[in-house]
Amino acid sequence: MALSREQLAMRVARELQDGYYVNLGIGIPTLVANYVPEEMEVMLQSENGLLGMGPFPTEEQLDADMINAGKQTVTAITGASIFNSAESFAMIRGGHVDLTVLGAFEVDVEGNIASWMIPGKLVKGMGGAMDLVAGAENIIVTMTHASKSGASKLLARCTLPLTGAGCIHKVVTDLAYVEINDGRFWLKERAPGVSVDEIVGKTAGEMIAPDVVPEMEF
Amino acid sequence: MALSREQLAMRVARELQDGYYVNLGIGIPTLVANYVPEEMEVMLQSENGLLGMGPFPTEEQLDADMINAGKQTVTAITGASIFNSAESFAMIRGGHVDLTVLGAFEVDVEGNIASWMIPGKLVKGMGGAMDLVAGAENIIVTMTHASKSGASKLLARCTLPLTGAGCIHKVVTDLAYVEINDGRFWLKERAPGVSVDEIVGKTAGEMIAPDVVPEMEF
Amino acid sequence: MSGFDKVVNTYDEALDGIRDGMTVIAGGFGLCGIPEGCIAQVRKMGIRELTVVSNNCGVDDFGLGLLLEDKQIKKMISSYVGENALFEEQLLNGELEVELTPQGTLAEKMRAGGAGIPAFYTATGYGTPVGEGKEVREFNGRKYILEESIVGDFALVKGWKADRYGNVIYRHTAQNFNPMAATAGRITVVEVEQVVEPGELEPAHIQTPGIYVDRLIQGRFEKRIEQRTITE
Amino acid sequence: MSGFDKVVNTYDEALDGIRDGMTVIAGGFGLCGIPEGCIAQVRKMGIRELTVVSNNCGVDDFGLGLLLEDKQIKKMISSYVGENALFEEQLLNGELEVELTPQGTLAEKMRAGGAGIPAFYTATGYGTPVGEGKEVREFNGRKYILEESIVGDFALVKGWKADRYGNVIYRHTAQNFNPMAATAGRITVVEVEQVVEPGELEPAHIQTPGIYVDRLIQGRFEKRIEQRTITE
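Residues numbered from 1 in each chain as written. Chains lettered and ligands numbered in written order. Predicted model: local features only at pLDDT ≥ 70, side-chain atom pairs only at ≥ 80, totals over all residues. Heavy atoms only, no water.

Trainee: Please provide a residue-by-residue account of the overall build of chain A, values included.
Mentor: Looking only at helices and strands, chain A features 5 helices and 13 strands. The dimensions of chain A, computed from C-alpha atoms along their principal axes, are 50 × 40 × 30 Å. Considering chain A as a whole, with its 218 residues, one finds that 61% of them fall into the buried category. Summarising the internal contacts of chain A: among those between residues at least 6 apart in sequence, 62% fall at separations of at least 24. Taken as a whole, chain A presents about 8,400 Å² of accessible surface, with 50% of it coming from carbon and sulfur. (Helix = DSSP H or I, 4+ residues; strand = E, 2+ residues; numbered from the N terminus. Buried < 20%, exposed > 50% of the residue type's maximum accessible area, 1.4 Å probe, protein only. Contact = heavy atoms within 4.5 Å. Areas by Shrake-Rupley, 256 points an atom, 1.4 Å probe, with all protein chains shown as cover.)

Trainee: Outline the side chain of D:Asn178, supporting the account with residue identities and numerical values.
Mentor: Assignment of secondary structure puts D:Asn178 in helix H6 (residues 178-183). The contacts of D:Asn178, once residues within four sequence positions are left out, are D:Gly27, D:Gly28, D:Gly33, D:Leu156, D:Val157, D:Lys158 and D:Tyr170.

Trainee: I'd like to hear about the interface of chain D and chain B, residue by residue, with values.
Mentor: Each partner contributes to the interface: chain D provides 48 residues, whereas chain B provides 44 residues. Of the roughly 3,900 Å² buried between chain D and chain B on both sides combined, carbon and sulfur atoms contribute 59%. On the chain D side of the interface with chain B, the three residues burying the most area are D:Phe29, D:Thr173 and D:Thr229, jointly 15% of the side's total. At the boundary of chain D with chain B, the tally comes to 6 salt bridges. Residue B:Asp63 pairs with D:Arg171 through a salt bridge whose shortest N-O separation is 2.5 Å. Taken together, chain D and chain B are joined by 27 residue pairs in polar contact (both at pLDDT 80 or more). When contributions to the side of chain D that touches chain B are tallied by element, the ones reaching two or more residues are helix H4 (85-93), helix H5 (103-115) and H6 of chain D. Residue contributions to the side of chain D that touches chain B peak at 6 residues, all from H5(D). (Buried area = accessible area lost by both parts, 1.4 Å probe. Salt bridge = Lys/Arg side-chain N within 4 Å of Asp/Glu carboxyl O. Polar contact = N/O pair within 3.5 Å; in protein donor to acceptor, adjacent residues only side chain to side chain.)

Trainee: So what's going on with the interface of chain A and chain C? Which residues, and what values?
Mentor: Contact with chain A, which involves 44 residues of that partner, is made by 48 residues of chain C. Carbon and sulfur atoms supply 59% of the area buried between chain A and chain C, which totals about 3,900 Å² over both sides. On inspection of chain A and its partner chain C, the count reaches 6 salt bridges. For C:Glu108, the salt bridge is made with A:Arg93, and the minimal N-O distance between the two is 4.0 Å. Here chain A and chain C share 27 residue pairs in polar contact (both at pLDDT 80 or more) between them. Only helix H3 (85-93) and helix H4 (129-135) of chain A provide two or more residues apiece to the side of chain A that touches chain C.

Trainee: So what about the packing of helix H3 (residues 85-93) of chain B against H5(D)? Which residues, and what values?
Mentor: Angle between the axes and distance between the axes: these two values describe a pair of packed helices. H5(D) packs onto H3(B) with a crossing angle of 125 degrees between their chain directions and a minimal axis gap of 9 Å. Considered as vectors, H3(B) and H5(D) are oriented oblique to each other. Handedness of the crossing formed by H3(B) with H5(D): left-handed. Of H5(D), the residues touching H3(B) (which contributes B:Ser85, B:Ala86, B:Phe89 and B:Arg93) are D:Gln103, D:Gly104, D:Thr105, D:Ala107, D:Glu108 and D:Arg111. Residues belonging to the contact of H3(B) with H5(D) are distributed by class as follows: 3 nonpolar, 4 polar and 3 charged. (Axes fitted to C-alpha atoms, helices over the stretch in contact; angles between N-to-C directions. Parallel < 35°, antiparallel > 145°, perpendicular 65-115°, else oblique. Left-handed = near helix turned anticlockwise from the far one by under 90°. Nonpolar A, V, L, I, M, F, W, Y, C, P; charged D, E, K, R; others polar.)

Trainee: Describe the state of the cysteines, naming the residues involved and giving the relevant values.
Mentor: In the structure shown here, the tally under the stated rule is 0 disulfides over all chains. Looking at A:Cys167, it has no disulfide partner, and the nearest cysteine sulfur is the one in A:Cys158, 9.5 Å off. (Disulfide = S-S within 2.5 Å.)

Trainee: Please set out the pattern of salt bridges residue by residue, giving values where relevant.
Mentor: Oppositely charged side chains are able to pair whenever their charged atoms sit close together. Scanning the model with the defined rule gives 60 salt bridges over all chains in all. B:Glu59 serves as the salt-bridge partner of D:Arg228, at 2.6 Å between the closest nitrogen and oxygen. Separated into two different chains, D:Arg228 in the segment after strand E11 (215-218) and B:Glu59 in the loop between strand E3 (50-53) and strand E4 (76-82) make up a pair that spans both. Classification of D:Arg228 by relative accessible area gives partly exposed; the value is 49%. Connected via shared salt-bridge partners are A:Asp63, A:Asp65, C:Lys158, C:Arg171, C:Glu193 and C:Lys223.

Trainee: Explain empty space enclosed by the protein to me, and be specific about the residues and the numbers.
Mentor: The tally for this structure, following the rule as stated, stands at 10 cavities of 30 Å³ or more. In this structure, the largest cavity occupies an estimated 850 Å³ of space. Residue lining of the largest cavity: 41 residues in total, with A:Asn84, A:Glu87, B:Asn84, B:Glu87 and D:Gln207 positioned closest to the centre. For the lining of the largest cavity, the secondary-structure elements that each account for two or more residues are strand E4 (76-82) and H3 of chain A, H3 of chain B, helix H5 (103-114) and helix H6 (178-183) of chain C together with H5 and H6 of chain D. (1 Å grid on protein atoms, 1.4 Å probe; cavity = no way out; pocket = protein on both sides within 12 Å on 5 of 7 lines; lining within 4 Å. Points joined across faces, edges and corners; volume = space filled by probe spheres on them.)

Trainee: Please give an account of a negative patch on the surface that cites residues and values.
Mentor: Together, A:Asp18, A:Glu38, A:Glu39 and A:Glu41 make up a negatively charged patch on the protein surface. Classification of A:Glu38 by relative accessible area gives exposed; the value is 82%. (Patch = residues over 30% accessible without salt bridge, like charges linked within 9 Å, V, L, I, M, F, W, Y side chains within 5 Å. Lys, Arg positive; Asp, Glu negative; His and termini not counted. Charge placed at Lys NZ, Arg CZ, Asp CG, Glu CD.)

Trainee: Please set out the sheet that holds strand E12 (residues 194-196) of chain C residue by residue, giving values where relevant.
Mentor: All names here are of chain C. Here 3 strands make up an open sheet; going across it, the order is E10-E9-E12 and the pairing mixed. Both outer strands of the open sheet, strand E10 (168-169) and E12, are each paired with one neighbouring strand and no more. Direction of pairing for strand E9 (residues 161-163) relative to E12: parallel, over a ladder of 3 bridges. Bridge assignment links Asp163 to a residue of E12, and that residue is Val196. (Pairing = 2+ DSSP bridges.)

Trainee: Just give me the short version of the environment of C:Glu13, but keep the residues and values in it.
Mentor: Residues and elements named next belong to chain C. When you line up the elements, Glu13 lands in helix H1 (residues 11-14). Between the C-alpha atom of Glu13 and that of Leu216, which follows or precedes it by 203 residues, the distance is 9.9 Å. In contact with Glu13, other than residues within four places in its own chain, are Val8 and Arg215.

Trainee: Explain the environment of D:Pro129 residue by residue, including any values.
Mentor: Relative to the helices and strands, D:Pro129 is located in the loop between strand E5 (119-122) and strand E6 (136-139). D:Pro129 sits in the partly exposed class, given a relative accessible area of 28%. With 43 residues separating them in the primary sequence, D:Pro129 and D:His172 have C-alpha atoms 33 Å apart. Beyond its immediate sequence surroundings of up to four residues, D:Pro129 is in contact with B:Trp116, B:Pro161 and B:Leu162.

Trainee: Could you give an account of the sheet that holds strand E7 (residues 113-114) of chain A, with specific residues and numbers?
Mentor: Residues and elements named next belong to chain A. One open sheet holds the 3 strands; their spatial order is E7-E6-E9, and the pairing between them is mixed. Because the sheet does not close on itself, it has two edges, and the strands there are E7 and strand E9 (154-155). Of the pairings in the sheet, the one linking strand E6 (residues 106-108) to E9 comprises 2 bridges and is parallel in character. Its bridge partner lying in E9, Val107 is registered against Leu154.

Trainee: Explain unusual backbone geometry to me, and be specific about the residues and the numbers.
Mentor: Backbone geometry at B:Asp182 places phi at a positive 50 degrees, although glycine is not the residue there. With respect to the secondary-structure elements, B:Asp182 resides in the loop between strand E11 (176-181) and strand E12 (184-190). We note that C:Lys71 has phi near 55 degrees; this positive angle belongs to a residue other than glycine. On the secondary structure map, C:Lys71 appears in the loop between helix H3 (65-69) and strand E3 (73-78). Exposure remark for C:Lys71: the relative accessible area of 39% places this residue in the partly exposed category.

Trainee: I'd love a proper account of helix H2 (residues 36-45) of chain C, names of residues and values included.
Mentor: All names here are of chain C. Three or more residues of H2 are buried, namely Glu36, Gly37, Cys38, Ile39, Gln41 and Val42. Packing partners of the buried residues in H2 comprise H1, strand E2 (50-53), H3, strand E8 (152-158) and strand E11 (185-192). Remark: Gly46 follows H2 within two positions and exhibits a positive phi of approximately 70 degrees.

Trainee: Run through the side chain of D:Asn55, naming residues and quoting values.
Mentor: Residue and element names in this part refer to chain D. The residue Asn55 is located in the loop between strand E2 (50-53) and helix H3 (65-69) in this model. In terms of polar contacts, Asn55 uses its side chain to reach the side chain of Asn56, at 3.0 Å. Setting aside its immediate chain neighbours within four residues, Asn55 contacts Gly28, Phe29, Ser78, Ser79, Tyr80, Gln103, Leu106 and Phe177.

Trainee: If you had to explain the packing of aromatic side chains to someone new, which residues and values would you point to?
Mentor: Enumeration according to the criterion identifies 9 aromatic pairs over all chains in this entry. Their ring planes at 70 degrees and their centres at 5.9 Å tell us that C:Phe139 and C:Tyr144 sit as a pair that is edge-to-face. By relative accessible area, which is 6% here, C:Phe139 ends up buried. Look at D:Tyr121 and D:Phe139: their rings are 5.1 Å apart centre to centre, the planes differ by 65 degrees, and that puts the pair in the edge-to-face class. (Phe/Tyr/Trp six-rings, centres within 6.5 Å; stacked < 30°, edge-to-face > 60°.)

Here you go:
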C-alpha cells in the first residue's frame, strides 16, 4: 500500500544523523521533524534567518517577530542563532546544511528537479528552493510517485521548468525509495505490499531494480 | 615656506564636514584627527573593523583586543560600532566612507596613485590601501611635493606600480593644494610664501595655474 | 552630535525626495520586519511607477500590498509573491511586472550592491529559467551563473532599536533582509520601535552601523501575523 | 546534545587530520585575535609545506611568525607582511612565496569561499599589479577585476566565548577576519577564552553560528600587544 504522509516523513527521517543541520521544506518535509529518533538530535535551519527552530509557540510565547520560512510563528530552541538573510543563504549556498528535504512536481534521471512553476498557472515564485537545491550536497525529494491521474513524476526528462539541474540523488515517494545515479533511477526500497512491477510501471524514466527489493518497515 | 607635517594635516582638515565618516591612513593622515574644527564632528573608521575610533587608551583602558588598522591600541567613542573585516570593507568598497586621507609616493595627471611598492625594495604589502582608493569617491592624498633629491612626485605618468587607477582628484602637498581633472593638475592654493613658479617647477606633470593663486592661511 | 544625528520627526521628512519611477528596496520577510510607516507614507504621497525590491509583496490590505491598491508599483523584484489577489490581477492585466529572483540570490544582490561588488557568480538558478540569458561559467568543474547587484534610490528598513547615530539592532527573525537593504540604498531610511541614545547599544551587537543610515524615525507598528500557528 | 557538542579537550584532537601541503586559513589582524594555541600545535606537529591564508604573518617570535622558524610555510596569502626578519629572509631566499592580496579582497574571498560564491568582481586592484592576468569587466561604465574565492582545508579561529554547540562571539576588534575564516574551512577549529553552555549567548549576538564550527577548544592566550600606544 502507498505510504501515508506520516510514513513518508518517517522514511525520510531515517536519513537523519545525530548532529545534522537540516532544512525542511513546506508540506510533508515539515512533518519529518516529528520523527527524529529519540537518541538523536538535529537542528532545523529556517532560511529566513534562524538556526535552531523550535515548535510553534504557546499563546504566551507568540511573537510576530519570530517566524519561520513558511511565515508561521515559531520558537527558537536553546542554543539557536538568528541572523540576516544573506548570512542564512551563505550557509545554504556554501553547503553547510547537512540535509535538505523538499517536495517536487517532477524529478528526472539526470537529477533535475522541477518544483516551483507550472506554465499557465500563476507563478508565485521559487522562494529559497533554487538556493537550497543548488547549495545542498544532500537533498531528499519527497512526493507522490505519480499524479492523481496516474502520470509518473519520475521522468526521463523533466517537462516543467527546472528548480535545479543535476542536484537530486535521493527520492522518497509513496511507493518507493529511489536513488539517482549515472542517468538512471535505482530502486532501493519499496513501500509495504507494493510490487516492483507497479513501481517500475509508474516510473517513466529508466529504472534499475535489483532481483530483491527490500520492503520498508514501519 | 613648505608646510610642516602639522600644517599639512591642518590643511587637509579643512576638507572635513560635520557628520563625515573618515578613514585616515598611517602617518600625516593620522594627524588630521587633531585638527577637526571644534564645531564639527567626524567619525573615524578603522578598516580592521571599528567605526568610531577614539584616542589612545590610558594605562587602565589598555586592551589587546582593541586596536586600529595601524595595530596601535585605541579606544572606541560613545556610539561606535565594531564588526568583521568583510563588513568593514563592504563599507569602504561600497563608497560609504565620506573621505579617505592617505599618503603616496607618486600621483599623476590621470589620477593614478602609487603608494605601496618600490621595485627592488622589500614589498610589505598593500594592506587596505587598494580597497580604500577604489572605494572612496572622495580621497585626499597628502605627501611632500618632491622627494628629498628634488624629484617631483606629481607626474605625467606614475613610474611605480599603482595602488589605484584614475581615483585621485585632490592632493595636498607641502607646497600646494592641487586638484586633478581632465588629465591635468590644477593649482588651487599655495603654501605661504611659496611661489607659483616654484610649484610649477617642481611639478613634472602638466599643471594649470590661474593668474592668482591664493595663499593658504594658518 | 548634530552631524551624526539621523533622527527625523515626520515621515514627510523621512521620505523627502522620493519620486515617481524610483527603485525602492524594502526589508521584511512576509509581514515580519516590514517598514510599515514608510510604506504608508509612500502610499500617502502617491508615488507611482515604482520598482520595488523586496522578498515578498505583502497581502491585500497590509504591507507592500497597500501600494498595489493605487497601482503605485510598476515592477516587483521578489522571490515569492502572490499572497494577494490584487497582485495576481495586476500581473495578469499586464499592469504589473515581476522579476522572480531566488531568495538567496536576492539577499546577496542587495549585499553586493551595498558592498561595491557589481556582480558575483552563483550556482543558484543554473539550468533553470532564472539562468536564461545570463553568463554561465565553470569554476572547479561546476557551472555557475553571473548575477548583478542591486542598489536602490531609497532603502526602507524596519529595525527594533537604534541610537541617534543610526546604529541599528533588529529583533529576532524580523531582521531578515533589513540589514542588506540598509546598505543598498542611496538614501536609507530606518524606522524603529525605539530610538535610544548613543552608547546604549553595545558596539559588537550593532547589526547596521550608522554609516549606512541617512534618516531615522521612531514609528508605531501593527506587526500583523501572517500565519498564527500555536502549540496548544 | 552529543551530536552538536563541538568541544574537544586537547589541541591534538583539535588539529587531527592536518597534513603537509594543506591550505590553512587563520583569523587575526596583526597579533590581535590570532589562534595562538592552534598555531603552537601546528608548530609542535611539524606540519610543513603549508599555504597559509591570513592578513598578516605575525612577528618573529609570535603568531604565524613561529611557523617560519621551522620553515613550515611554503606560501602566504596576505595583505601585509614583513613585520619580521625571518619572513624577509625566507622570501629573498626563495624559500617562501607570497601572494599579496588587498585586505578587503582577502576578506571577501574568504566570505565568498564560505558562502558558495566562487568568484566576484571588485574595482580594488584594477590597473595595478594585483589586477594583472585577471579578467577585467565593465559594469555601469566602471572597470572591475574578477577575484576567485578561497577555501581552506582547515580554518583556525580565535573567539572570545562560545557555547558547546560552537556558537561563537568575538571581543572588540579581535573579531576582524575570524568570522570569515570560520565559514571557509573544510574543518573549522575555534579556540576561545571561555566555553559556556548553550543558551548563555543571546541568539542575535552570535557572530559565528555553530553550523560552521567543527571543533571547539578552550585555550589560554598571551594576547601580545604589537604597538602599545597610550594616552598619558
